[in-house]
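Secondary and tertiary structure notes
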Amino acid sequence: MLTKFETKSNRVKGLSFHAKRPWILASLHSGVIQLWDYRMGTLIDRFDEHDGPVRGVHFHMSQPLFVSGGDDYKIKVWNYKLHRCLFTLLGHLDYIRTVQFHHEHPWIVSASDDQTIRIWNWQSRTCISVLTGHNHYVMCASFHPKEDLVVSASLDQTVRVWDIGSLRKKTVSPADDILRLSQMNTDLFGGVDSVVKYVLEGHDRGVNWAAFHPTLPLIVSGADDRQVKLWRMNETKAWEVDTLRGHMNNVSCVMFHAKQDIIVSNSEDKSIRVWDVTKRTGLQTFRREHDRFWILAAHPEMNLLAAGHDSGMIVFKLERERPAFAVSGDSLFYAKDRFLRYYEFSTQREAQVIPIRRPGSTTLNQSPRTLSYSPTENAVLICSDVDGGSYELYVIPKDSIGRGDSLQEAKRGLGSSAIFVARNRFAVLDKGNNQVLIKNLKNEVVKKSGLPVPTDAIFYAGTGNLLCRSEDRVVIFDLQQRIVLGDLQTPFVKYIVWSNDMESVALLSKHAIIITNKKLVHQCTLHETIRVKSGGWDDNGVFIYTTLNHIKYCLPNGDSGIIRTLDVPIYITKVSGNTLFCLDRDGKNRTVVIDATEYIFKLSLLRKRYDHVMSMIRNSQLCGEAMIAYLQQKGFPEVALHFVKDEKTRFNLALESGNIQIAVASAKEIDDKDHWYRLGVEALRQGNAGIVEYAYQKTKNFERLSFLYLITGNLEKLSKMLKIAEVKNDVMGQFHNALYLGDIQERVKILENSGHLPLAYITASVHGLQDVAERLAAELGDDVPPLPEGKEPSLLMPSAPVLCGGDWPLLRVMKGIFEGGLDSGIGRGAVDEEEEGVEGDWGEDLDVVDVDGLQNDDVTAILEDGEVAEENEEEGGWDLEDLELPPEADTPKVSGNARSSVFVAPTLGMPVSQIWIQRSSLAAEHAAAGNFDTAMRLLSRQLGIRNFAPLKLMFLDLDTGSRSYLRAFASAPVVSLAVERGWNESASPNVRGPPALVFNSSQLDEKVNAGYKATTAGKFTEALRLFLNILHTIPLIVVESRREVDEVKELIIIAKEYVLGLQMELRRKEMKDNPVRQQELAAYFTHCNLRTPHLRLALQNAMSVCFKAKNMATAANFASRLLETNPTNENQAKTARQVLQAAERNMTDASQLNYDFRNPFVVCGATHVPIYRGQKDVSCPYCTTRFIPSQEGQLCTICDLAVVGADASGLLCSPSQIR
C-alpha cells in the first residue's frame, strides 16, 4: 500500500473522487463536507449546511456539481464553483445512506433507512421513481456503469438488482415527471418504471454494501456476517459464486478494482483487505491501530483508492506504477507485461526481448522495481520486492531482440538492490550485514565489501563505484580502494540521474532535487510542493524533470521554471534537443516536444553568452512579466528594457540600469511628481546636475533647488532663488537662501521685516554692521539684548563647493553589450536621433505660481513684476531667461555624446567578504567576512554546535577586526578596507588573502597558563571561566600547519578535563549536608586528566575528605596514589604516610560510595556519575566529554555549545586540512 495523502478529521462516512482534477470529497459524521486537493495536500473548501452526519457524497462526471445525502433526510445538490448549495431534494422519510449521479442521464439514485430507493431527475428537481421491496434499512444503492440496472444492499440480508430500462425509454421532460408522480401516488408501492430483477440471498446478517463489476456480469457484497460474497448474473438469473472469509467484524464497504482482477474490502475490524478474484484468496491486509473503516472509493480513471475511517481518510495506491527501465546509449530497456522490451531512440523502434517469468504472485507489488543493463555482456539485472527483495539476472542472446520468444532460466538471488558496477560484475546489497557482495555473471560471489554508512539502497556511480543511500545522506564509495569519495546530507533520495558526461548527478527525493558534481559537492537544491517523478539531463547541462503535473527545468545555478503542464505523469528516459523521450504509467513510449527557448535564454545569460542572448531577443517571442522580473533580479535591467512598452516599467528599469536618457523620456510621458523626484535622485547619484535641476524645476521643489545651487556653487541662481522666495513671500525660503549666499545685510533685513528685531540687532552687531545696529538699538530702546561676553564672532559663510557648476566628471566606459546593439527598433530601444540629448522642452523654466496666482515661465518675469531687473549674463546651457535662442540649443545635454559614449557605470567588483567565503570552509573566516549564518551552519556541521549565544561576541569581534576604516573627507562616506592575514608589500594587489583574525593560538597558550595559575591558587571560579573561554574560542581559531592542528585538538582535551574537574569541585563545595556525595565528587576529581601538581592537590583533598568521614580504605588508596607521584612538598608526603598508618589498623569504610577505583571509568559530564568500561555512553561531538545515554540530544554541560550525540564531521581549523 502506497499512501499518497492522509487527513485527520471527524469520522469519514462518504468519499468521492473528481474525474479530472486531483480532488476528493469527504463527508463527515459531524455534518461537514470537505473538498481536498490530495496532490497538494490542501483543504480547498468546506460545505456545512447539513444538520447531522452526511453519509453519502458523489461528484458529477462532467458538470461542476456534487450531491450529498445526510441524516437530516435531505439530498443537496451543490455547485463547487459557486461554493453553494443549488437546491435540496425532499422525499425520504429517514436517514439517507448513499447518493450517486448517473454517468449519462440527469439522474441521482439515493438509498435510505425508510426502506426505499429513489431515483431523482436533478434537472427537473423531482423524484421520478421509488424502488420499494426491501423490508429494512437500504444501506447502499448504485447504478450499473453501462446497463440499465441498479444494485442495492439492505439490512434485510438481501442484495437486490433492479431493472430501470423503462425509465430510460420514457422521456425525461419536467411535465412528464409531474404526470408520472401523480401516477406513482395512485399506486405508491407499485412504481412500474423499475422492477426487481434478482434478489440475492445468502448472507446471514444485514448487507452493508453491494457493487457491480465495471465490465463483467459480477456483483460483490459485504455484510455484518463478516463475509464478502461474489455473485454472477445472466439474463435470467443470478447466483452465488464464492465467499471470501477473513474479516473479523462487519464488512462496511467492498468494490472491484477497475484495472486488476482484485476485490478491495474494508471493515469495522480496522483493516482493508485485498482479494484475488480468480483464485478467491486474500492477497494483502492493511491495518490501522484504532480506526474502524467505513467507506471505500476508487478513482474513475487513475489507479487510486481512498478509504474513510474513524479519524480521517487515506488516499492510496495498491501498486507502484513506475515502469523499471535502464538507458544505455541509444537504447532503452524496460519491463512491461512480464516481458523485457527494447526501444531505440533514433528510430523509435520497439521490440520484445525476452519474457520475464513471475512466480504465481501471492501479494501485490511484485513487478520489477529497478533494472540495470551491462551493454558489453548484453546482460540485464531486474530487482523486485519478491521474497522481501530479490534480483534476477538474464543474459540476452545476441539475436533475440525482436523475437522475444526465447525463454531462459534466470539466475536468481536475494538482495534489496542489485546493479552492474563493471562489465561482468554486479553488486548486490546485503542489508542485514550492511555489506555488498560483488558477483560475476555466473552469480558467484567474487568478493565482499563492508559499507561506510547504514545503506538501504545502492545506485551506479561510475565503474567500480557505488552511490549508497541511507536515511538522511548519500555516499559515493570506491569498491576497489574501499574509500569514501563523496558524502552529502540530503532528504531521503528515491532516484538518481547522472548527466551524460558523468560529471553531475541529480538526486531526486519526494519533494526536492539536489544537484551535485560527481564527488557529491553540493551545487543547488530545488524544493517542489508536488511530488517529483523523474528527470533527465539535456545536452547543455540543464536538468529537465517532471512532477505529477509539470515538466520543469533546473539551471546549474538553481534557477527553475515550468516548461509545460502534463495531463498524466510521465517518466523521462532521455532528453535530446527539444524532444523528451519518456515512458507513461502503462509502459508506452512517448515523445514530447518542448519549447526550450526560455531556459536556453537564461542559460546563455548565466554563461555570459551575450551573442546568443542578442539573437534570441531579436528572433523570439520571449516576453512577459516573469521574464522581465527574472532579468531585473539577475542584474540585467538593461536587457529587460528591450522587452517593455509600459512607460512606468521602462522608467523603473531605466533607473535601475542607470540609463538616464530613457528615464527622462519616460518621465516626460508619465509626468507625475513622484517619477520626477526619483529621476532627480538618480541624476544626482550620477552627478548629472543639469537633469537634477530640470527634475526639481518640474516638481517646483525650491528647497532642493537652492541646496543644489549651493553644492554646485551656482551663486547667481541662488540669488535668483532668493528673489523668487521674496515674490512668493516665503520668509523661511528667503532666510535660507540668504544664509546659503552668506549675505548678512539680507538676513538682517529679513529678520527686521518679519518683526524679529532682537535677532536682527544681534546679527548686525556680531557681523560689525554698526550703523544698522545703532538704528535697531534706537528702535528697541530699553529692550536691547545683551551680547555674549568673551566670545569671538566668526563669519558664517557657505563652504566652497567640491566642483563648481556643470556635471561631475564621469568615467569613459565602453558601450555595454546590450547598448546600441539592441537599438534597432526593439520595443522603444533608446531615444530617437532628434532626441539625442534631451528634448526642446528642456528650456522650460521654473513654473512658479506668484502671489496673484499668475503662472510664469520665466524667472525674469517674476523679477520684473517685483520691479527688479538684472543683466542677463548667462550663455547657453541652463539658461533661465534668454528665450530667444532656438529650443534645441537651450537643452541641457546628457553628458557626452549620447551615441558614441553612453555612460555605463563600471561593473562592481566582487566584495572582499564574498571572496573570503568563496573558497573557505573555515567558520572563523566566514564570521570575519560578516557571513554569520554560513559560519553557524559550518560549526553546526563540523562540531554539532547548536547553542551560539556564547559565541556571539566573538563573531562580532572577528567581523570588526577584519576591517579598518578610513575617513577621506567630510562630505564623503567612510571607506572600509579589508585587513588580510599574512599580507606583505610584495603581494599582488589583485589577489586577495584570507581575512585577518583577532584570535590566535598564542592567546590560547596564555589563557591556559593563566588557568593553571588560578587552579593552583584555588581560584576555581576564575579558572573555570578561563578554561570555558578556551573551549569557546577554539572553534574560531585558524592555524597554518598540521602540527598546530594537533596542538589545538590536544588543547580541547586539556580544557575539557579541567572544566569537568572544576565543575565537580565547585559543586562539592556547595553540598554541606550530603557527606557521601561530597566524598564521591572529591574522588571523581582525582580521575580527571590534570597536571601533576593539580593532581596532588586533588588527591590530598579527597584523602582528607574521606579520612574525616571515617572511610579509611578509600582514604588509604588516595594516600598511596599521592605518594606514587613523589610529592615535592614534604608536608603532603608526611600527611599521606600518617593516613596510611592510621588506615592499616582499620581498613574499612564507614559509608558505601559509588566509586570503584579498581574498575577504569570516565565521569559523566552532566550527572557526575562514573561510566565504567563496557557501559554504554554518548559523547559530545566537539569537546568529546562522555555522558550517560539518557543525555543524548541535550546541550553539552562542559562546552555549553554542542548537542550530545549529534553527528559532526570534526574540527576544521586549518587550510592544510582541506588541501
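All values derive from a computational prediction rather than experimental measurement. (Residues numbered from 1 in each chain as written. Predicted model: local features only at pLDDT ≥ 70, side-chain atom pairs only at ≥ 80, totals over all residues. Heavy atoms only, no water.)

1. Overview of the packing of aromatic side chains
- One pass over the full model with this rule turns up 32 aromatic pairs.
- With centroids separated by 5.7 Å and ring planes inclined at 85 degrees, the aromatic side chains of phenylalanine 59 and tyrosine 80 adopt a geometry described as edge-to-face. Taken as a pair, phenylalanine 59 in strand β6 (residues 54-59) and tyrosine 80 in the loop between β8 (75-79) and β9 (84-89) lie far apart in primary sequence, 21 residues in all. Residues phenylalanine 59 and tyrosine 80 agree in their burial class; the two are buried.
- Look at tyrosine 1155 and phenylalanine 1161: their rings are 6.1 Å apart centre to centre, the planes differ by 85 degrees, and that puts the pair in the edge-to-face class. Across this residue pair, the class does not change: tyrosine 1155 and phenylalanine 1161 are buried.
- Through successive ring pairs, a cluster of aromatic residues spans Trp23, Phe47, Phe59, Phe66, Trp78 and Tyr80.
- One Lys or Arg, lysine 13, reaches over the ring of tryptophan 294 and ends 3.9 Å from the middle of that ring.
- The cationic tip of arginine 1091 hangs over the ring face of tyrosine 1012; the distance from NZ or CZ to the ring centre is 4.3 Å. (Phe/Tyr/Trp six-rings, centres within 6.5 Å; stacked < 30°, edge-to-face > 60°. Helix = DSSP H or I, 4+ residues; strand = E, 2+ residues; numbered from the N terminus. Buried < 20%, exposed > 50% of the residue type's maximum accessible area, 1.4 Å probe, protein only. Lys NZ or Arg CZ within 6 Å of the ring centre and 35° of its normal.)

2. Notes on the layout of surface pockets
- For the second largest pocket, the calculated volume is near 1500 Å³.
- What lines the second largest pocket is a set of 47 residues, among which Asn303, Glu319, Arg320, Glu321 and Arg585 lie closest to the centre.
- Grouping the amino acids of the lining of the second largest pocket by side-chain chemistry returns 17 nonpolar, 10 polar and 20 charged.
- Each of domain 1 (2-167 + 193-317) and domain 2 (494-622) contributes no fewer than three residues to the lining of the second largest pocket. (1 Å grid on protein atoms, 1.4 Å probe; cavity = no way out; pocket = protein on both sides within 12 Å on 5 of 7 lines; lining within 4 Å. Points joined across faces, edges and corners; volume = space filled by probe spheres on them. Nonpolar A, V, L, I, M, F, W, Y, C, P; charged D, E, K, R; others polar. Domains from an automatic or database assignment.)

3. Side note on the packing of helix α26 (residues 1092-1108) against helix α27 (residues 1112-1124)
- Two elements in contact, α26 and α27, have axes whose closest approach is 8 Å; the angle formed by their N-to-C orientations is 160 degrees. Relative to α27, α26 is oriented roughly antiparallel. Our pair here, α26 against α27, has a crossing hand that is left-handed. Only Met1112, Thr1114, Ala1115, Phe1118, Ala1119, Arg1121 and Leu1122 of α27 make contact with α26, whose side of the interface consists of Leu1095, Arg1096, Leu1099, Gln1100, Ala1102, Met1103, Cys1106 and Phe1107.
- Grouping the amino acids of the contact of α26 with α27 by side-chain chemistry returns 11 nonpolar, two polar and two charged. (Axes fitted to C-alpha atoms, helices over the stretch in contact; angles between N-to-C directions. Parallel < 35°, antiparallel > 145°, perpendicular 65-115°, else oblique. Left-handed = near helix turned anticlockwise from the far one by under 90°. Contact = heavy atoms within 4.5 Å.)

4. Focus on the pattern of salt bridges
- Tallied over the full model, the rule gives 41 salt bridges.
- With its nearest N and O atoms 3.4 Å apart, the salt bridge here joins arginine 46 to aspartate 48.
- For arginine 46, a relative accessible area of 44% translates into the label partly exposed.
- Its relative accessible area of 46% is what places aspartate 48 among the partly exposed residues.
- Among the ionic pairs, aspartate 113 bridges to arginine 97, the shortest N-O distance being 2.7 Å. One end of the pair, aspartate 113, is in the loop between β11 (107-112) and β12 (116-121); the other, arginine 97, is in strand β10 (residues 96-101), with 16 residues separating them in the sequence. Of the two residues examined, aspartate 113 and arginine 97, each falls in the buried class.
- One salt-bridge network, held together by shared partners, links Glu6, Lys8, Arg288 and Asp291. (Salt bridge = Lys/Arg side-chain N within 4 Å of Asp/Glu carboxyl O.)

5. Digging into the pairing of strand β20 (residues 227-233)
- β20 sits mainly inside the fold: six of its seven residues count as buried.
- Alignment of strand β19 (residues 218-223) against β20, held across five bridges, turns out to be antiparallel. Bridge assignment links glycine 222 to a residue of β20, and that residue is valine 228.
- Counted along the chain from β19 to the antiparallel partner β20, the turn is three residues long, and its residue arginine 226 has a positive phi close to 70 degrees.
- Pairing of β20 with strand β21 (residues 238-245), which is carried by seven bridges, proceeds in the antiparallel orientation. Note on β21: the bridge partner recorded for leucine 230 is aspartate 242.
- Hairpin remark: β20 followed by β21, antiparallel, with four residues in the connecting loop. (Pairing = 2+ DSSP bridges.)

6. Here we look at the confidence of the model for the protein chain
- The pLDDT averaged across the protein chain works out to 83; a share of 87% of its residues lies at or above 70.
- The model gives residues 823-901 a pLDDT under 50, and that stretch makes 133 contacts with residues more than four places away or in other chains. (pLDDT = per-residue confidence, 0-100.)

7. Topic: the pairing of strand β48 (residues 522-527)
- Examined bridge by bridge, strand β47 (residues 512-517) and β48 share five bridges and lie antiparallel to one another. By the bridge assignment, isoleucine 514 is partnered in β48 with threonine 525.

8. Structural notes on the state of the cysteines
- A complete count under the given rule lists zero disulfides for this structure.
- Summary of cysteine pairing: cysteine 1183 is not part of a disulfide, and the nearest cysteine sulfur, belonging to cysteine 1180, is at 3.6 Å.
- Here cysteine 1199 stays free of any disulfide, with the sulfur of cysteine 1196 as its closest cysteine sulfur at 3.6 Å.
- Among the residues examined, cysteine 1199 registers a relative accessible area of 0% and is labelled buried. (Disulfide = S-S within 2.5 Å.)

9. Brief notes about the side chain of glutamine 1063
- Here glutamine 1063 shows up in helix α24 (residues 1042-1070).
- Its relative accessible area of 18% is what places glutamine 1063 among the buried residues.
- With sequence-adjacent residues up to four places away left out, glutamine 1063 is seen in contact with Leu1024, Gly1165, His1168, Thr1197 and Ile1198.

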